[in-house]
Each structure stands twice: as structure tokens, then as C-alpha cells.
Amino acid sequence: MAQTEAAKEKPTKPDDDSSGPDVSGRLAKEARAKILAGLSQYQPAPDHAITRQDIVDNRYVIQLKQPLPDFDTPLNKAYAVIDEQDPDASLYALVCVRHLPQRITIMPQVRNIMNPHFVYPIAASVAELSTTGEQFFVIIFPRPKGKRLSTLLAEKSLPLHSSAFIRNNIFNPIANVLHQFEELGLCHGHINPENIYFGDGKLTLGECVSEPCGYSQPAYFEPLERMISHPAGKGEGEPSVDYYALGILMLMLLPGRRKFVSTPVAELAAVIAEKGSFNTLTADESIPDTYLDIIRGTLHDTKRDRWTDVQLKSWVAGKSFSVITPTYPIEASRPMHFMEKGYLNRKALALAMSRNWGKSTAVLRDGSVIRWVQLSIGQKEIANGLERILKSCGGEKSTNAKLNDELISRSLTMLDPYGPIRLRKLALHVDGLGSMLSEIFYHGEEEEMATMNDVLDFDLANGWADVLKRYLDVLLNNNMSNMLWKLDRLRVALRNHSLGFGIERCLYELTPYFPCQSPLLEGKHVTTLHQLLIALDQLAPRLSKEHDPMDRHIAAFIASRLNLGKNVRIQELSTNRALASHRALVTLKLLEQAQQRASYIRLPGLSAWMAAGLLTVIEHIHSRTLREQVTTHIEACADGGQLRPMLDIMRSAEYVARDKLGFDMATLKYRQNMVALQTLANQRVIKTHSTQVGNRIGYYLSLVIFGVTLYFLYLSGGRF
Amino acid sequence: MSDPFQENTNDPFADHPLGAAIARAAAIAAGIEIDKPEEVTRFARMFWRVIALITSLLLIILLQIGFLFVVLGLLPAFIAYFLDNDPKKYLFKAIFYCNLSATLPYLSRAMMPDSGPASLELAMLAPRTWVIVYGSAFAGLLMVWLCRFLAYGTLTVTYTAREQFLTGTQEKLLDEWGTLVRKRAETEF
């Protein structure tokens, strides 16, 4: 998508045919050629943030020639690392992909866990790799000993028949780590045999910060509400998610067929929604009594009933709980028939409806679902809520496609409030919006992009929060409240298609540490304005001939970092609408504000690149003399490294006013001269005029003759 | 370089002495009435008619036969008056004054005490008198034609110079302000 957007970005031409005579065009071309020639000689200063290639935190040297496939994740590649200050340390580096955000916000907390049974991040920074010269975010971890648990399970080399081994060597260390996660209110999100290492009798739980929470987690390790979400839209999750995964891990360790591993996710989710997790996942399996309690407890579908650290500790200590086998989650006295199948709980119906999107409209519009909720389930409030949604989405007879989509989505949230927000083929949690957007931008699917646009535009997140507050008395935490407030604000930004706004702005607002995805910055990992400006300055000699230093991603990135709320316009030029919102001037203003925020770092490459781009704006000035003056000024500022002087020249209202007044006067004068020339070319006019003049001269001459006659009459005494 | 923002005027003819005359000629050529209001014209016409009547009565009393001579002698001028459509009637005036210049000497001679009206009667009988009187009127007409011809020649030269000046100004405007000036001038007014 990023590339598609970039393709749309073409150099802006003047809005009207205001091109001046050839002389001026030549002048601009000559000035541009001169600036670009100077720019091609420019040697950008090296990025001081990256002093050496393949190094993290000025200490950890990535050994690119020693890949460690055992520590690869489905997304990221692992390499050996040498710690320059402690060469004996056994470490590895994960080189993270640029198109998905890492869990940078939780990294400081996770770093403090420092549990010997957990691969916690030691250091992380952007590093330039010598193999490709590209920049990546790299995280350094202590290298766990042994092999992946999945490998050991396949090799059947672990004494899994021993409950003491499972309890002490596998379960206890993981529970220990999860206890620390729970204390921090965090979710690991990646507990599965692929991310657990075992060696020398010691278990180590793998890392969890290199990708969005649960992105690579197999679906069957997730509770239903996350299982049915898009991997990138699962959100941060809660500690209870990890306990569920722990329960699944337990099942994996026990002998049995584990049919659920090979069951398609959609099918598995449908059965879980109908029968509950425990009943589905343990069907036809014999679970040893020793593990029945913990599996029943951790696989509980209701979060508040699911086991946590407290029960786990007691279980590890040997306490027996006698947990009752969960029953089927039946809510209704009579089934709701949909797509030739009967459903006895709202969650299962919601899942079925989301899988048959187009068919759901009918049962929602004709009130069947409302009646079922009211009469069969006895939830009058929910039924009223569904009725309100129906009315707000066009009532029973509406056929508007967008309203249909909104109706289905809001109704599904009402039916299954803990489930993800669902819209057409998309299912995601509110706190997973940012990573979901980044995934969609990476894949560039227009349909998904449009759906995401609608998720934000319909304000489904606030609708979901409203359902939780109103019907379930759930208090949202601060992070979620901030997120909802931000989403409310972003709806305005989303509808604004100017530079710095739109869906791209949503991406950077929702993922604060996400690198700029502009195709211009390919190979660069840019997360701050300072880095962006340095990167553009370095790219100037290579890209200035064919590209603007701005696209929708860069604009949105800058606007997000500057927290801009209004369209970027040159207010001083408001009398000239074309100039006030001219792309090149908006670009200049955005970059100037970024440079201001970055303490006016000197950027000779970028200023020359910008100057060359600004010459297109000059075509909007009508007066050749003014064009020459402005061109000269811009040329003078081109290699100064500061954008402010250029902006000051361009936003000087005086020249715009002079140009406008002069142009109006010139037009009037031209018109008058045109009329005068037409008059002069008319032969009838010259004839009429010469007749008038001739008559008058003849008249004056006759007066002279008459006067002479009178004079002579006087002299002759009347006898002439 | 001259300042492009200083050059302006609302009247395309204001900067040229012939401007008003050209404008008037253009208006007349286009058939646009630029005369005085009709009421003023009617009053003036009435006024002059009354004056002519009183003058005629006075001349009949004073000149007697001489009045007949005046009427016959100034016949070309009277014809010119009715033929001249120009509101200012310069053609008529020119013929009138030339005609009068030839008529007056005969009248003045007749008014001498020693000559008397008899001399005028003799003059009226002589064809030479009428040749002189009517010839002067014709000479007035010829003189006006000649002046028109000369004026045509002079104005053609002046118009050409003016045209060149305006064309130059247009080129300068295009050079300074671009072709959009022409497009806008052609479409927006």
C-alpha cells in the first residue's frame, strides 16, 4: 500500500495556466539545474547516531555471518552477538522487520524482569547492517541454552511421563515468569513450544517484544476472543491470556492426539464458541487426574474465572482444587437459527454472523436477533441496545451497504462484547488497531484499507467501550481511555485528505515508535524527526532529481510528531488560495517545523532539494521581475542548510499582494490597449476623424478669409 | 528595469492628445450619439430661428432690394446648412463665411450714399457677380475637402504611430505578466 500511495504522489503542477513567458521558464530551469548540480556534489555528513555498522548500543556487535536459525522467530532473523565489554557473554540479536511495530512501550518493564527462565531484552537500538546497508531495529537477548521445546517434544526426549518433571522443570519456571508479568499487568503473548527452550535441565521462556503481542502465536494457544482476531490486531492482551496458553501447553505436553492442532482455526473457533474451550480441546482425550484441575482452571472461557498466579502457586505447592468441568455455554432456552444451524449463545451466533457477513443483515433488520435475545435469553437491556443500533443504522428497511456494515458490526459487539471488533473480513481489538494498520499498509490491500478506514470512521471502538461500560459495568484502564480519546480525535484527521492527515496519520498516531514507512526512506529506520531530517538530507543527492522530499507518509509522520491539529497552510498567503495550500509550500512548512523541533540542525542537502522543488511554486507568480527576484533569493538560500529563510521568503505576503495588484492592473491595461488598437485599426474611425478635423480647419480658414475681407472693406471704406 | 507596478491608467486615450478626438470619432463611426441633450438642442434651434427671423425683418427694412441679393447670394450657404448633418455644422460655417466674404463687398457698395441700391441692381444683373458670389461658396467647399484630405494624411501617420506604441505596450505587458494577462483580458471583461 505504501508503494501504491507513493505511486499516486506525483510532482504537483500549478493549478492554472499561469506559466510565464519562456524567459522565466528558462530562468527557473536554469536555477533548478544549478541547484541540482550543486546538490550532486554534496557529501552528507554521516549519521552520528550510527557510528559503526552492525553494532547495537555501541557495544554489541552483530555477527551477520553467524545466523542462529534456532532463535529465529516467524518474522525476525537471529544472529550471534559479541559483547565488546564482556566477550564471554552468550547473546543473540533479533533483527526486526520494519513493517510491524515492536513492543517498545513495554520493553523497559520487561527488561527489569531479569528472570533466569526468561529471555529478556538486554539492549535495543537501530543498527545499520553491513550486508545491505539498511537500518533495522535490533534487540539483544541472552542466548537460552538447549533446544526448542517443540523439537524436544518431536524427539520425545523429555521425561514427560513424570509429573514431577512437568511440574518442576516446565510448569514452575513458566509460572514463575508469568507471575512477574502479571505483577506488571503485562501479557507475554508468545507462550508456545516454539518459543520455549530447554537445556541442561533448565527451561527458558523466549522473548516477547520483537513483534506485536501474539502475532506469531498459533491460534489454538489463544482464548477465543484473540483466536478469531487478525494476528496483527490481537492487541496487548491481559495476563490471563498467558495462563490460557499455559493450559494449552500443558495439553501439548500430555500424551494424546491433540486434534485441535490440525483443525482449521475457523472450525475450531466455532466449536469453542459453542461448547467452550475445555470441552472442545479435551474432547476424546484422556487427561490424567493430576492435570485436570490446572487444565480446567486455565482453559476457562470467562476471564474472571480463569486461574491466575494465586491458584497456580497453590497447585504447584500440591493443593487439589477439584475444579468442576465447565459445561457448554448455553444462554438461550431456544436456539436462534441462522444459516440452517441453531445457536444457543450470543458468542457463537456472533461468530457465525461475522463469518457470513452478507447474510447477517436480514436477521438483524427483521428483528429476529432482537426477539431471540429478549425472549430466549431474557436479556431485555441487550435487546433494547440492539434495537437502538438498528434504528441508528437506518431502521428495518434500509438497504444502504455502509449502514448494513455498521449495523452488523455494532450488533456483533453488542452480542459478544469481549470479542474483537468485526467489520467485513476484519476482526481486531481496539488496542491492536495500530499494529493492524501497519500490517495493512505493508500488504497494501485496498479492500482491507477501506475496511480499516470504516472501522475508524464508524467509531466502532467507542461503540465497543460504550457497550462495556453500559451493559457490563467494565471500567476501562487509563491506556484504553487514552486510546479511545485519541481515536475520537483521529476520526477528524481521517476525514481530512490534506498532507499530514488521512489514514497515514492514524498509523503514526496509533503506533508511536513505529518507523516512517515512506518508500523514499526504504532501508532507513526512522522513528524521530531528527532521524527523518538526517535521512532526507542524506538522500537528497540521489532522489532530488525525480522526487519531492515529501509523501503522505512523511507528512503524516511529521504531523504526528508535531501533534498538528489543523491543515498546514501558509496563512500569510491566504489571499492567494493556490499558493497558500501549494504542495511545495506545505512541504516546506512541514519540514521547517520539523527542523525547528530538531533544534535547527544544518541540512544543506535537504535545503537544496527543497529549493529545487520550490521553483515550481514560482510559476504561480505572474510578474517576471518578481519571479527573478524570488528565484535569486531562493538560490541564495539553497545551500544554507536552513529552511526558515526560504519559508520567510515564500510566505512574504508583500510580494503576493504586489503581484496580485500588478497583475490586475496589467490585465486592465491590456484590455484597454486591446480596445484602443481595435479602434485604431477601424478605417471608418480614421475617415470620420479626418472629416471632423478637415471640416473644422476649413471653418477656421473661412473665418480668416472673412476677417481679411472685412479688413479690406474697412480699409477701402466699403468700396472694395 | 522599470517598475512594472507603476504603469497604469484607466483611460486608454488619456495619455495622448488625440485621444479624446479619436474616441469621439470612434463613437460617431459606431453611430453612438455624443451630442448635447435633446432639450438643449431644441432650445438652441428655436433661439437661432427667432434671431434669424428678427435679422431678416431688420435686413428687409434696411436693405430692401439688398435683402433679395443677400438671400440669393447666400443660397449655397443655406443649402449647405440643410445638407450638413454634423451637429457643429463646420462645413456649413466654412461655406457660409466664404460665401459672405464675396457677398459683403457688393452690399457695402450698395449702402454707400453715392451708389445706392441702383448699383446693386446693376450688379445683380451682371453674371460676373453671381460667378464671384457662388464661386466663393464653391471655393469654401473645395477648401474643406482639401482640409479633409490633408487631415486624413496627417491622421493616418499619427494613428500608425499610436498603434505601434500600443502594440509595444502590449508586448511589454505580456513579457512581464505572461500570456495569462491576454487570456484574462479577453475573457473576464
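Cut-offs and rules
Residues numbered from 1 in each chain as written. Chains lettered and ligands numbered in written order. Predicted model: local features only at pLDDT ≥ 70, side-chain atom pairs only at ≥ 80, totals over all residues. Heavy atoms only, no water. Pairing = 2+ DSSP bridges. Helix = DSSP H or I, 4+ residues; strand = E, 2+ residues; numbered from the N terminus. Patch = residues over 30% accessible without salt bridge, like charges linked within 9 Å, V, L, I, M, F, W, Y side chains within 5 Å. Areas by Shrake-Rupley, 256 points an atom, 1.4 Å probe, with all protein chains shown as cover. Salt bridge = Lys/Arg side-chain N within 4 Å of Asp/Glu carboxyl O. Buried < 20%, exposed > 50% of the residue type's maximum accessible area, 1.4 Å probe, protein only. pLDDT = per-residue confidence, 0-100. Contact = heavy atoms within 4.5 Å. Axes fitted to C-alpha atoms, helices over the stretch in contact; angles between N-to-C directions. Arc of directions from axis to C-beta.

A word on the sheet that holds strand β6 (residues 135–142) of chain A. Residue and element names in this part refer to chain A. Here we have six strands laid out as an open sheet, ordered β1-β2-β3-β4-β6-β5, and antiparallel in their pairing. The strands lining the two open edges of the sheet, one partner per strand, are β1 (55–56) and β5 (123–128). When β1 meets strand β2 (residues 60–67), the two strands line up antiparallel, connected through two bridges. The residue bridging I55 from the neighbouring strand is V61, located in β2.

All names here are of chain B. Together, L68, L72, L75, F78, I79, Y81, F82, L83 and Y134 make up a nonpolar patch on the protein surface, roughly 860 Å² of accessible area in all. Examining the composition of the nonpolar patch, we find that six residues originate from one element, helix α4 (residues 75–83), more than from any other. Structurally, I79 can be placed in helix α4. The exposure class of I79 is partly exposed, given its relative accessible area of 46%.

On average, residues of chain A carry a pLDDT of 89, and 96% of them reach 70 or more. Note on residues 1–24 of chain A: pLDDT under 50 across the span, and 45 contacts to partners over four residues away in sequence or across chains.

A few words on the pattern of salt bridges. In a structure, side chains of opposite charge can pair up when their charged atoms sit close to one another. Residues and elements named next belong to chain A. On inspection of all chains with the given rule, the structure shows 35 salt bridges over all chains. Among the ionic pairs, D309 bridges to K313, the shortest N-O distance being 3.4 Å. Here D309 and its partner K313 are both found in helix α12 (residues 309–316), four residues apart, which amounts to about one turn of the helix. Its relative accessible area of 9% is what places D309 among the buried residues. Given the relative accessible area of 46%, K313 is considered partly exposed. Residues E504 and R552 are paired through a salt bridge, measuring 3.3 Å at the closest nitrogen-oxygen approach. Here E504 is found in helix α22 (residues 503–510), whereas its partner R552 is found in helix α24 (residues 552–562), with 48 residues between them in sequence. When sorted by exposure, E504 lands in the same class as R552, which is buried. Within the structure, one salt-bridge network assembled from shared partners comprises K402, D405, R424 and D454.

Turning to its location among the elements, A:L253 is positioned in helix α7 (residues 239–253). Beyond its immediate sequence surroundings of up to four residues, A:L253 is in contact with A:L149, A:L153, A:L160, A:I166 and A:I170.

On to the sheet that holds strand β9 (residues 202–205) of chain A. Residue and element names in this part refer to chain A. Across the sheet, which stays open at both edges, the three strands sit in the order β7-β8-β9 with antiparallel pairing between neighbours. On the outer flanks of this sheet lie β7 (147–148) and β9, each paired with one strand and no other. Sheet analysis places strand β8 (residues 196–199) next to β9, joined by four bridges and oriented antiparallel. The residue of β9 that forms the bridge with I196 is L205. Sheet strands in contact with helix α5 (residues 163–184) are β8 and β9, and its direction is about 30 degrees off that of β9.

What follows covers α12(A). All names here are of chain A. All of the buried residues in α12 are D309, L312, W315 and V316. Projected onto a plane normal to the axis of α12, the buried residues spread over an arc of 125 degrees and lie on a single side. Buried residues along α12 sit against α5, α7 and α11 (289–298). One or two steps after α12, the chain reaches G318, where phi turns positive at roughly 105 degrees.

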